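# Structural overview for review
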Amino acid sequence: MKHLILLFSGLLIGGLAMAQDAPIASTGGVKVVKDPRLDLLIRKQIYINTLAIRNQPGFRVQIISTNKRNEASDIKARVMQLYPDYRTYMDYQAPYFKVRVGDFKSREEAADLREKLSESFPGGVFVVPAIINVSPEKEAGNEESY
């Protein structure tokens, strides 16, 4: 008797489960209703992602490493005036402030700038490995001066 009740209830539940598919099959599918602004937001996010700066290993030219913040700020300002085409960074690695210039994929590119900077900053200018910022245009091969 228990087996007949279990069999009957199993068939009943199975029949109800199959009944759920019938209306969808008769209409030809599911209709999704969404706000058209979602597409606009998706396109906007894709655009933002393509403009995002990507971090990669590369090289920068280090001009100074000092424990005096004012001195590092002055050197950074001077470099920005002399070489506005290059990005200038001031990093703090306790207890030193380091002023670094440029985002280069190869050591050779950085060495060219190092030679130029050596004339203006005779204290010692070095090419150092760093995590650099590369924009999508430069990744695509449209290399311009950094």
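Quick summary incoming for the structure in this document. (Residues numbered from 1 in each chain as written. Predicted model: local features only at pLDDT ≥ 70, side-chain atom pairs only at ≥ 80, totals over all residues. Heavy atoms only, no water.)

### Comments concerning the packing of aromatic side chains
- Per the counting criterion, the structure on display carries 3 aromatic pairs.
- When the centroid spacing of 6.1 Å and the interplanar angle of 45 degrees are considered together, the rings of Tyr-86 and Phe-104 count as tilted. Here the residue Tyr-86 occupies a position in the loop between α4 (69-82) and β2 (88-93), and Phe-104 occupies one in strand β3 (residues 96-104), the gap between them amounting to 18 residues.
- Phe-104 gets classed as buried once you look at its relative accessible area, which sits at 4%.
- With 4.6 Å between their ring centres and 45 degrees between their planes, Tyr-92 and Phe-97 make a pair best called tilted.
- Here the aromatic cluster, defined as three or more aromatic residues joined through ring pairs, consists of Tyr-83, Tyr-86 and Phe-104.
- Above the plane of the ring of Tyr-89 lies Arg-60, whose end atom (NZ or CZ) is 3.6 Å from the centre. (Phe/Tyr/Trp six-rings, centres within 6.5 Å; stacked < 30°, edge-to-face > 60°. Helix = DSSP H or I, 4+ residues; strand = E, 2+ residues; numbered from the N terminus. Buried < 20%, exposed > 50% of the residue type's maximum accessible area, 1.4 Å probe, protein only. Lys NZ or Arg CZ within 6 Å of the ring centre and 35° of its normal.)

Any functional reading would require information beyond the geometric quantities listed.
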